[in-house]
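Summary of structural features
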Amino acid sequence: MPREEVENGRDDMLIDGNEVEQRRLENAVPEGFNADYLKAYYGKIFPYADIFKWLSYGNDGKHPGCDHSYFGRREFSFTLDNDIYLRFQSFNTASELENAIKEKCPFKIDIGPVYSVDIKVPQFLCVLSLRGRQPSKRHAYSQGGDNVFTPVEKELVFDIDISDYDDARYCCSGADVCLECWPLMTIAIKVIDTSLRDDFGFSHILWVYSGRRGVHCWVCDGKARRLNNEQRAAIVDYFRVYKGNENSSKKVSLVGPALHPFLVRSYTEVLKDYFEKRLLSSQNLFLNEERFEKILEMIPDESVTSELRGRWLSNKRSREEINVARWDQLKNLLQSNKQKGQGLRRCIEEIVFTFTYPRLDMEVSKHMNHLLKAPFCVHPKTGRVCVPINPKNCEEFDPSAVPTLSQLLGELNTGGFKGEGDSEWDGTSLGDCVRYFRESFLQHLLKSCKEEIETSYNAKVQQSRNSISW
Amino acid sequence: MEAVRSRRKSLVSTGVGSTLPLYRSAPPLEVRLEDFELYAIDRLRVLKGISDALSRGKKPDEMEKLVLDLWKTNMRHQHSSELLNKDIISHFVLRLVYCRTEELRKWFLSIETTLFRYRFRDEPSEIQRALMAEFDLPYKAVTTAEYESVKEKLNQVARAIGQPITTDAIYYKVPFEEVPELVAGRRVFIQKGNAYIAMNQSDLFPTVPIPVLAVSHSRNQIQAEYDEFLRYQASKQTSPQVASVTQPNVHVADNTYACVSQSSTLGSWVMDSGASDHISGGFTSYHAVSESSFESTSADKQKFQFTDFRKWTSMIREQEKDRLVPIIEALSTSYLGPDYSQSREHAEISLKDIDQIAKSSFPLCMRHLFEKLREDHHLKHGGRMQLGLFLKGVGLKLDDALAFWRAEFSRKVGAERFDKEYAYSIRHNYGKEGKRTDYTPYSCQKIISSTPGVGDHHGCPYRHFSEENLRTALTRMRVGNRALEDVIDKVRNRHYQLACTLTFEAVHGSSCDAGVNHPNQYYNDSQRILESQWAHGFSHYTSCLSMYLIFAVNQLSEEFQQPKRNNSFNVGQYRRVASLV
């Protein structure tokens, strides 16, 4: 037997096999996630240059108004294998960032705020292990000099997890997600994205698949990055409708004689259709007694609920459109109830909101110094890459089709050639994701960053001229 | 020494003949030692009165009278010319005292905002207008054409927040960041980053956008001061003895800084207004830090100023040891209210008592968390923080706390995972990890404003429970029928702390005059009552409790004849009482 075959432990069958098939098999990489895969990914595919460009916000240019210390004041933190957590990493250049990631091979990269001063000082002393054995060396930092160390900028971020919707879905629970419940994320993207653009006037918004069970949102406009904590909390509260905790049966409470225009728009443009055309049937919301009781609980009128309950219990034959039929009955009865009027009609909206409205992890958004996982990381549990999602066609996004680490490595092996672009990712299925990131997000962002730098520089020059002439 | 020289400047004019100052900058005047303290205390009386009234659920019209009366009674001065000075000085002294922590700052801001609102409303309309002009708000009125295009939306918001729809209103466009309160409550229409605010809404209480708006300016200022304070906190670590806070005037570039320094060993404040020159330079360079083109020069300047400044503050602290320091210490301790980060003297609880104490003396929010923990052997982060810090305040020592949480969590996630993932944050709460802050237990205000989500059990039951669940919980606490209806009534009117106070009174059969402001205060008051009932025998005790309890106690009384069979809790209680008496 030829030597190489002994080494590879293959049997004879494959040698005789079809050559193409053989190559495919040779290149296929077993599913999974491990440090070796990750090393290869960081070595060949991870788009360092784009991440650097993004987080520099135009300050890496040659314009005299550029702040060259900007990127270096940004906190990164790495979660290594074995839960070792390295906070306060900072890098001055794209290559420093690249070398550190390649060397440390972090399982997770988090992005924190931009600080007032270079955070290099704490870097050597803030090696925290989750086991807490590490003594605090903050004291060392405290003697480090006159630096005042406070966060000054951070993207406005949102984190939405499907596991927070467990009482609104029946297909999966916990961290699991499937195509039946993923539309809940689509709804969240549509509602929040529209409001961020139309209401708050932001335009540089990046949505990212979190790799497993949800989505992240990065609002990158200069104005958003400089919001203080109170303003961040105000935006989160503006979005907050869902108030469910474990001790309250009514998860959504829409009070007042009318709804705020933001809620009306969300309802008519997104929630209602998704509820009636998708979730009602896909989640079988009225399928059996247990499920429809949960909905009847939200109607405060005993006569209405008992009438509906009676009708549904007596008519148990399971039909394809049972959910739609029951929903229609419920709506008709609530709408026709003239005396009770608006209070009952509001119930319809409350039910729809309960099963569709976005549920944000509020704490993540409220504080400038909260860290969030970087785009293009790989989720250790799923092996999937945290790819950007285009909000314009987010309904087409399929989490189960997101490239996995092993798939990408396989493609690299198969390709063996470079794509037309400058990087290895170009030939892989990550190519489209990076291209989207560049063309639909980064280019526009950098254009307005340049304008902003130009404007503030001119204003500064003007100001100093004035003070001189005075 | 020159720290407090008796140099008087004329009144800071508001320019409009109003008695309502805008507190835009610290006063360029020096303060006499006794005024410094007395003014601040007088103002604190006003703020405390407002705060108490709010937590007791006073209605807007009652509040109006109360606030103005409080003001008139406490903020008098024998020379009418000094009234404005007193107002301004006291405001700034308290502002400095209260920027210590975010919690205090929030309290101070919200009460000052309320005060400002009522005083603003009390001014005649031409003064109001003049004040508005004084603010010089850079906002544009919405043109008629634009108004027409958004009219429907504006009316929709008006209906949503229950305000009459007005057709002749003048709307102003304000960047949404300037009115966070209105944004948070969805009480304003926002489009492309601008909030639309009607000017004539100002005379509608309690949705008074104008004062909110006006106040938002000084709020931002205080926020900025607070940020500066944090920076100094950071820089404090560079010099072990002394840190300092100054008042940067964010909007007006003049040199009127007051200076307060804090000695980190005493935790108290020293004020000095003669030192402005030293600090103002330091501050200017601070703002330049973020502007790269000036960075190199500012760095040198900064360093120089700081050495200079440090020398000065350390001197002052030494010199003022006997004069200003005690005053400030008194100000910041006796009037700020306790933060319950340290448990009461001698009050330690041991693990074996904890179940019984939870039943007898925990407020509902903590009792609920405690029971859920026992039941599920798990609590999510918000619950762990709320209960964990409370227990710390109650007197549970770190080792006991670790044992307590481990015992529960290990049944759910295993001891190993507990040690790996959860123990750290418990040590952290006790100031043994991370930045080593000794965290303070959550106040009612903080708990009420929390936002429990799926799977969460923290928060204020009176606010976050459904009525049905709340009724069940209260019944389990043996709150009688009539009291229960009273509690629910308060809840419906959103007086959550008042509801808790009524619960306390119902459970303890004893009045709670101060109201409930802090779960640990609830606990301490409860323990005090139980102790005194112990000390005075059962006569008082029984007369205060419901028939059911009398029966129960009588049944138990036989057991009390045999002290050996008593559980340790009662013995411990008794010992504590003895030490008190």
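Please read these numbers as outputs of a predicted model, since none were measured by experiment. (Residues numbered from 1 in each chain as written. Chains lettered and ligands numbered in written order. Predicted model: local features only at pLDDT ≥ 70, side-chain atom pairs only at ≥ 80, totals over all residues.)

Assigned secondary structure in chain B consists of 25 helices and seven strands. A burial count over chain B gives 38% of its 581 residues as buried. Taking the intrachain contacts of chain B between residues at least 6 apart in sequence as the baseline, contacts between residues at least 24 apart amount to 65%. (Helix = DSSP H or I, 4+ residues; strand = E, 2+ residues; numbered from the N terminus. Buried ≥ 20, exposed ≤ 12 C-beta atoms within 10 Å, placed from the backbone. Contact = placed C-beta atoms within 7 Å.)

We now examine the overall build of chain A. Along chain A, the regular secondary structure elements total 19 helices and ten strands. Look at the contacts in chain A between residues 6 or more apart in sequence, and 70% of them connect residues 24 or more apart.

Quick look at the UniProt feature "binding site: [4Fe-4S] cluster" (unreviewed entry) in chain B now. Residue and element names in this part refer to chain B. UniProt tags Cys365, Cys444, Cys460 and Cys500 as "binding site: [4Fe-4S] cluster" (unreviewed entry). A stretch of 136 residues holds the annotated residues, and the largest C-alpha distance among them is 9.9 Å, short enough that they meet in one place. Along the chain, the position of Cys365 falls in helix H13 (residues 364-376). Once residues lying within four places of it in the same chain are set aside, the contact partners of Cys365 are Ile447, Cys460, Pro461 and Pro519. (UniProt positions renumbered as here; feature names shortened; annotations may be inferred.)

With that settled, the discussion passes to the sheet that holds strand S6 (residues 156-161) of chain A. All names here are of chain A. Taking strand neighbours across the sheet as the criterion, the four strands line up as S6-S8-S7-S10 in an open arrangement whose pairing is antiparallel. Both edges of this open sheet fall to S6 and strand S10 (388-389), since each of them pairs with a single strand only. Bridge count between strand S7 (residues 205-209) and strand S8 (residues 214-219): five bridges; the pairing is antiparallel. Looking across to S8, one finds that Leu206 is bridged to Trp218. Seen against the sheet, helix H9 (residues 183-198) touches S6, S7, S8 and S10 and runs at an angle of roughly 10° to S8. (Pairing = 2+ DSSP bridges. Axes fitted to C-alpha atoms, helices over the stretch in contact; angles between N-to-C directions.)

So, about the packing of helix H15 (residues 398-413) of chain B against helix H16 (residues 415-429) of chain B. Residues and elements named next belong to chain B. Interhelical geometry of H15 versus H16 gives an angle of 140° and a closest axis separation of 9 Å. Judged by the twist between their axes, the crossing of H15 over H16 is right-handed. Mapping the contact onto sequence places Leu398, Ala401, Leu402, Trp405, Arg406, Phe409, Ser410 and Val413 in H15 and Ala415, Arg417, Phe418, Tyr422, Ala423, Ile426 and Arg427 in H16. (Left-handed = near helix turned anticlockwise from the far one by under 90°.)

The next point concerns H9 of chain A. With 16 residues, H9 of chain A should reach 22 Å at 1.5 Å per residue; the first-to-last C-alpha distance of 22 Å fits that figure. Most of H9 of chain A sits out of view: 13 of its 16 residues are buried. (Expected span 1.5 Å × (residues − 1).)

Time to look at the nonpolar core. Core analysis: the largest hydrophobic core is formed by 123 residues, its most contacted members being Val215 of chain A together with Val183, Val188 and Ala195 of chain B. With nine residues, helix H12 (residues 261-282) of chain A is the largest single contributor of residues to this core. If we ignore the near neighbours within four places in the chain, the residues touching Val215 of chain A are Ile160, Met185, Ala188, Ile189, Trp207, Val208, Tyr209, Ser210 and Ile389 of chain A. One finds Ala358, Leu369, Cys460 and Tyr523 of chain B within the second-largest nonpolar core, a separate group that totals 39 residues. (Core = buried A, V, L, I, M, F, W, Y, C linked by C-beta atoms within 7 Å.)

All right, on to the environment of Glu350 of chain A then. Residue and element names in this part refer to chain A. Residue placement: Glu350 occurs in helix H16 (residues 342-356). C-beta crowding within 10 Å serves as the criterion here: with 19 such atoms nearby, Glu350 is assigned to the partly exposed category. It is 6.6 Å that separates the C-alpha atoms of Glu350 and Ser253, two residues lying 97 residues apart in sequence. When near neighbours in sequence (up to four residues on either side) are disregarded, Glu350 contacts Val252, Leu254 and Met298.

Of all the positions in helix H5 (residues 48-56) of chain A, only Ile51, Lys53, Trp54, Leu55 and Ser56 of chain A are classed as buried. Taken from the residues just after H5 of chain A, Tyr57 of chain A is the one with a positive phi, measuring 50°.

Glancing now at unusual backbone geometry. As a rule of thumb, non-glycine residues mostly have phi less than zero, and peptide bonds are mostly trans rather than cis. Of note, Phe88 of chain A is a non-glycine position whose phi angle comes to about 55°, a positive value. Tracing the backbone through its elements, the reader meets Phe88 of chain A in strand S2 (residues 84-89). Given 21 C-beta atoms within a 10 Å radius, Phe88 of chain A is considered buried. Phi at Arg494 of chain B is positive, roughly 65°, even though this residue is not glycine. Within the secondary structure, Arg494 of chain B is located in the loop between helix H20 (481-492) and helix H21 (496-508).

All right, on to the confidence of the model for chain A then. Residues and elements named next belong to chain A. Chain-level pLDDT for chain A is 84 on average; 82% of the residues reach the 70-or-more range. When pLDDT is averaged over each element of chain A, S7 comes out on top at 98 and helix H8 (residues 138-142) at the bottom at 41. In this model, residues 1-17 is a region of pLDDT below 50 whose contacts with residues beyond four sequence positions or in other chains number five contacts. (pLDDT = per-residue confidence, 0-100.)

What follows concerns the pairing of S8 of chain A. Residue and element names in this part refer to chain A. Burial analysis of S8 places six of its six residues in the buried class, which makes it a mostly covered element. Going residue by residue along S8, you find Gly214, His216 and Trp218 tucked away on one face and Val215, Cys217 and Val219 tucked away on the opposite face as well. The sheet contact formed by S6 and S8 spans six bridges and is antiparallel. Residue pairing for S8: Val157 is matched across the bridge by Trp218. Hairpin connection from S7 to S8: four residues lie between these consecutive antiparallel strands, with Gly211 at a positive phi of about 95°.

Here we take up the pairing of S2 of chain A. Residues and elements named next belong to chain A. Across three bridges, the pairing between strand S1 (residues 74-79) and S2 is antiparallel. Paired with Phe76 across the bridge in S2 is Gln89. Counted between consecutive antiparallel strands, the loop separating S1 from S2 contains four residues, among which Asn82 sits at a positive phi close to 65°.

This paragraph deals with the sheet that holds strand S2 (residues 171-175) of chain B. Residues and elements named next belong to chain B. A sheet is described by the order of its strands in space; here four strands give the open sequence S1-S2-S4-S3, paired in antiparallel fashion. Each edge of the open sheet is held by one strand with a lone partner, namely strand S1 (140-141) and strand S3 (189-191). Pairing between S2 and strand S4 (residues 194-198): five bridges, direction antiparallel. Directly across from Val174, in S4, lies its bridge partner Ala195.

All names here are of chain A. Examined against the element boundaries, Gly214 turns out to sit in strand S8. The sequence separation of Gly214 and Ala175 amounts to 39 residues, and the corresponding C-alpha distance is 8.8 Å. Those residues in contact with Gly214 that lie beyond four places of it in its chain are Asp159, Ile160, Asp161, Ile162 and Met185.

Attention now goes to the confidence of the model for chain B. Residues and elements named next belong to chain B. Overall, the prediction assigns chain B a mean pLDDT of 68, with 58% of residues at 70 or greater. Of all secondary-structure elements in chain B, the lowest mean pLDDT belongs to helix H9 (residues 276-288), at 26, while S3 reaches the highest, 95. Note that residues 1-16 has pLDDT below 50 and, in this model, 33 contacts with residues that lie over four places away or in other chains. In the predicted structure, residues 201-217 sits below a pLDDT of 50 and forms 33 contacts with residues beyond four places in sequence or in another chain.

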